[in-house]
Amino acid sequence: YSEAVTLFEAACHPDPVFRLAGVNRALEGLAIDVFTTMRDFAAEMNDPVLWFCEDWMLADEVTHVKMGSTWLREITKNDKERQQQALEFQRTVDGLFNFRGARGESREASIQLARKFREMAGFATEEIDEIAAMAEQQRAERLANAAY
């Protein structure tokens, strides 16, 4: 598959702080959610090999996101405006990669938001709540549009 423009825009921002927010926190945060969902699926299917593989990948992604969380805050500790701009960019990327509500906390979400691992990776509860609310709103909009 070719790389989408959206992915390029999220990953190749000219500002390295925005790249930390877009790649290490948003995109790799999505990877945390995907690998957690797949690990849970492996447990339901009683597949210890898949569970081990997904758990291994999950640990790697938590490390990547934690690094992004730590360095984003460290680099911008004296420039709160830049930090807020980077976090707003992250919210934009998170919104794009919610896949119109496919990610979230409801049982209907095909990709479950992994609170515990996101917290381990440096996300505040409020940040996770915001992603969950955004995903739920996107899901509601998609379902409302599908009714027409």
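Quick note: structure is the one above.
In short, a report on the structure. The structure displayed is predicted, hence computed values, not measured ones.

Section: the overall build of the protein
Broken down by element type, the protein carries 6 helices and 2 strands. Computed over the C-alpha atoms, the radius of gyration of the protein is 16 Å, within 12% of the 15 Å expected from 2.2 N^0.38 for a compact globule of 148 residues. By principal-axis analysis of the C-alpha atoms, the protein measures approximately 50 × 45 × 35 Å. Taking all 148 residues of the protein together, the buried fraction comes to 43%. Of the contacts made within the protein by residues no fewer than 6 positions apart, 68% connect residues no fewer than 24 positions apart. Across the protein, the 17 positively charged side chains and the 26 negatively charged ones have centroids separated by 2 Å.

Details of a nonpolar patch on the surface
A contiguous nonpolar patch, built from Val34, Met38, Phe41 and Met45 and spanning about 330 Å² of accessible area, is present on the exposed surface. For Met38, the location among the structural elements is in helix α2 (residues 16-44).

Looking at the packing of aromatic side chains
Evaluated as defined, the whole model comprises 3 aromatic pairs. Ring centres of Phe52 and Trp56 lie 5.9 Å apart, and the angle between their planes is 35 degrees; this geometry places the pair in the tilted category. Of this pair, Phe52 and Trp56 both sit in helix α3 (residues 48-75), 4 residues apart, roughly one helical turn. Ring geometry for Phe97 against Phe99: centres 5.8 Å apart, planes inclined by 90 degrees, an arrangement best described as edge-to-face. The buried category is assigned to Phe97, whose relative accessible area is 13%. Against the face of Phe123 rests Arg25, its NZ or CZ located 4.1 Å from the ring centre.

The rules behind each value
In every chain, residue numbers begin from 1 and rise along the written sequence. Residue-level local features of this predicted model are given only where pLDDT is at least 70; pairs of side-chain atoms are given and counted only at 80 or more, and the full residue set underlies all totals for whole chains, interfaces and linings. Just so you know, side-chain values use all the structure's heavy atoms and leave hydrogens and water out. Runs of E in the DSSP output that reach at least two residues are strands. Runs of H or I that reach at least four are helices, and both are numbered from the N terminus. We take the radius of gyration over the C-alpha atoms and set the globule estimate at 2.2 Å times the residue count to the 0.38 power. The buried label applies to any residue whose accessible area, calculated with a 1.4 Å probe on protein chains only, is under 20% of its type's maximum; exposed applies above 50%, and partly exposed to all values in between. The contact criterion used is simple: two residues touch if any of their non-hydrogen atoms lie within 4.5 Å. A positive count includes Lys and Arg, and a negative count includes Asp and Glu. His and the chain ends are not counted in either. A single reference atom marks each charge: NZ on Lys, CZ on Arg, CG on Asp, CD on Glu. Surface patches are defined over residues having more than 30% relative accessible area and no salt bridge, joining like charges when they lie within 9 Å and nonpolar side chains (Val, Leu, Ile, Met, Phe, Trp, Tyr) when within 5 Å. In this description, accessible areas are obtained by the Shrake-Rupley approach with a 1.4 Å probe, and a residue is regarded as covered only by the protein chains that are shown. For salt bridges, the criterion is a side-chain nitrogen of Lys or Arg within 4 Å of an Asp or Glu carboxyl oxygen. Here the aromatic set is Phe, Tyr and Trp, taking the six-membered ring for Trp, and pairing holds for ring centres within 6.5 Å; pairs whose planes are under 30 degrees apart are stacked, those over 60 apart are edge-to-face, and all others are tilted. Charge-over-ring contacts are defined here by two conditions on Lys NZ or Arg CZ: a distance within 6 Å of the ring centre and an angle within 35 degrees of the ring normal.

Keep in mind these values describe shape, not function.
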